Amino acid sequence: MTELKIVLLEGDGIGPEVVSEAVKVMDLLEEQTDLTFAVERADFGGASLDHHGEPLTDATVSLVKDADAVLLGAVGGPKWDDLPPDSRPERGLLRLRAEMGVFANLRPARFFDSLSDSCPLRPELTKDVEFLFVRELIGGIYFGEPRGISAEEGVRRGVSTMVYDENEIRRVGRVAFEIAQRRKKHLVSVDKANVLEVQRLWREVMSELSADYPDVTLEHLYVDNCAMQLVTRPGQFDVVVTGNMFGDILSDAAAAMTGSLGMLPSASIGASGGLFEPVHGSAPDIAGQGKANPLAMILSLGMLLEHSGGRADLAALIHESVNAVLGRGFRTLDIASHGGGEGERVVGTVEMGAAVLEECRARLAQK
Ligand code: IPM
Ligand code: MG
């Protein structure tokens, strides 16, 4: 019997809808495996602002620090868009990541064959492509000081600071090298060392680290070049490590290439406890309509099982189930071909969740 202490933060927009599909998969796993989940829920993001006046309360911080893993839906929405940066829902997310100390954010981009129609790149470019972004998550320009907007003699001036010390670079670098060792032993480090000093240090530290991982080939790419290579030759990538902001930008591009932002899960890990969230946002335009794609959320649960529960087998089972359901033509709107592809069945959030659930159930029964 393994019990995992999980905190559910549904958040805003489509968050609650997609989390609820992942919870059904958790219930199935409790029924069919020796895993049990001790689940607590808390308000987060805009929902927490509305109820408690801040996007993340201290009580929730203590709850998550005590948990094995946090499963998070999404934060933000137009209702809170006019608030100053310090009280926006997004600030709650940044604080959550920082409080949990999850410095390495793993964002796998996998191309599902059956989605090649909704993928903006030509199928021959994306066939069998599978790579992993390792994004530094609790440093860099997202957290650097000084920051702020001030006014001097009637002229407003905005400042954000990109700063990394070598320890911050090294700890995320080690995670990336270790993952690369278990995969194709090829690591690309992305920086802007030709212009920014902080990025020159990034490159230096990554190069120094590579001495400890002689079996891994390290390559450096400038971020602009990487953006181009991602869309022209995605097949060359296996593991990519980069800083907070570049990782934010490039991983959205990677997500869109897989057919939809609604397909990509993520895991954020650190010294202890993990945070698992889909890469997509709260999609306020479709919230509450039952249209959202729950697959990234369900796949994030898969990553939780692997990283916090040591159950890579169940992560694989979830992945294969998603693949099978897509193969049978199930599509939420975001991944449906324009005009409706042949053999496609456009479904809502709950139907998609149910299809994956039944597929998981059938596969668990065969085990
Ligand atoms: C992401 C999101 C967040 C980020 C926002 C919502 C703060 O875009 O997880 O990629 O920039 O990290
Ligand atoms: Mg982002």
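Look a little higher up for the structure.
I will try to describe carefully the structure that is included in this document. (Residues numbered from 1 in each chain as written. Chains lettered and ligands numbered in written order. Predicted model: local features only at pLDDT ≥ 70, side-chain atom pairs only at ≥ 80, totals over all residues. Heavy atoms only, no water.)

Structural notes on the overall build of the protein
Thinking step 1. Looking only at helices and strands, the protein has 12 helices and 14 strands in total.
Thinking step 2. For the protein, whose C-alpha radius of gyration is 20 Å, the value lies close to the compact-globule estimate of 21 Å for 367 residues.
Thinking step 3. By principal-axis analysis of the C-alpha atoms, the protein measures approximately 60 × 50 × 45 Å.
Thinking step 4. Sorting the 367 residues of the protein into buried and exposed places 53% on the buried side.
Thinking step 5. In the protein, the proportion of contacts linking residues at least 24 apart, taken out of those at least 6 apart, comes to 76%.
Thinking step 6. Of the side-chain charges in the protein, 36 are positive and 56 negative, and the distance between the mean point of each set is 3 Å. (Helix = DSSP H or I, 4+ residues; strand = E, 2+ residues; numbered from the N terminus. Rg over C-alpha atoms; globule rule 2.2 N^0.38 Å. Buried < 20%, exposed > 50% of the residue type's maximum accessible area, 1.4 Å probe, protein only. Contact = heavy atoms within 4.5 Å. Lys, Arg positive; Asp, Glu negative; His and termini not counted. Charge placed at Lys NZ, Arg CZ, Asp CG, Glu CD.)

A word on the packing of helix α11 (residues 312–327) against helix α12 (residues 349–366)
Thinking step 1. At a minimum axis distance of 9 Å, the contact between α11 and α12 shows a crossing angle of 125°. One element, α11, and the other, α12, form an angle in the oblique class. Crossing handedness for the pair α11 and α12: right-handed. Contact with α11, carried on its side by Leu314, Leu317, Ile318, Glu320, Ser321, Val322, Ala324, Val325 and Leu326, involves Met352, Ala355, Val356, Glu359, Cys360, Arg363 and Leu364 of α12 and no other residues of that element. (Axes fitted to C-alpha atoms, helices over the stretch in contact; angles between N-to-C directions. Parallel < 35°, antiparallel > 145°, perpendicular 65-115°, else oblique. Left-handed = near helix turned anticlockwise from the far one by under 90°.)

Looking at the site of ligand 1
Thinking step 1. Taken together, the residues surrounding ligand 1 are Glu90, Leu93, Arg97, Arg107, Arg135, Tyr142 and Asp248.
Thinking step 2. Here an oxygen atom of ligand 1 sits 2.8 Å away from a polar atom, N or O, in the side chain of Arg107.
Thinking step 3. A distance of 2.8 Å separates an oxygen atom of ligand 1 from a polar atom in the side chain of Arg135.
Thinking step 4. Considering ligand 1 on its own, with 320 Å² of exposed area, one finds that the protein chains cover 77% of that surface.
Thinking step 5. Partitioning the shell around ligand 1 into residue classes produces two nonpolar, no polar and five charged. (Near = heavy atom within 4 Å. Polar contact = N/O pair within 3.5 Å; in protein donor to acceptor, adjacent residues only side chain to side chain. Areas by Shrake-Rupley, 256 points an atom, 1.4 Å probe, with all protein chains shown as cover. Nonpolar A, V, L, I, M, F, W, Y, C, P; charged D, E, K, R; others polar.)

Concerning the nonpolar core
Thinking step 1. If you look at the biggest cluster of nonpolar residues, it comprises 109 residues, and the most contacted ones within it are Leu71, Phe131 and Val134.
Thinking step 2. Once residues within four sequence positions are removed from consideration, Phe131 is found in contact with Arg107, Pro108, Ala109, Phe111, Arg183, Leu230, Pro234, Phe237, Asp238, Ala254 and Met257. (Core = buried A, V, L, I, M, F, W, Y, C linked by side-chain atoms within 4.5 Å.)

Section: the packing of helix α6 (residues 166–182) against helix α7 (residues 197–210)
Thinking step 1. Between α6 and α7, the least distance of the axes is 9 Å, while the angle of their chain directions is 50°. Relative to α7, α6 is oriented oblique. Relative to α7, α6 is oriented so that their crossing is right-handed. Every residue of α7 that contacts α6 at Glu166, Ile169, Arg170, Val172, Gly173, Arg174 and Phe177 is listed here: Leu201, Trp202, Val205, Met206, Glu208, Leu209 and Ser210.

What to know about the state of the cysteines
Thinking step 1. By the definition in use, this model includes zero disulfides.
Thinking step 2. For the unlinked cysteine Cys119, the closest cysteine sulfur is that of Cys226, found at 17 Å. (Disulfide = S-S within 2.5 Å.)

Details of the environment of Gly92
Thinking step 1. In this fold, Gly92 is placed in helix α4 (residues 89–100).
Thinking step 2. Classification of Gly92 by relative accessible area gives buried; the value is 1%.
Thinking step 3. Once the C-alpha coordinates of Gly92 and Val75 are considered, the two residues, 17 residues apart in sequence, prove to be 8.6 Å apart.
Thinking step 4. Residues in contact with Gly92, not counting those within four places in the same chain, are Phe44, Pro55 and Leu56.

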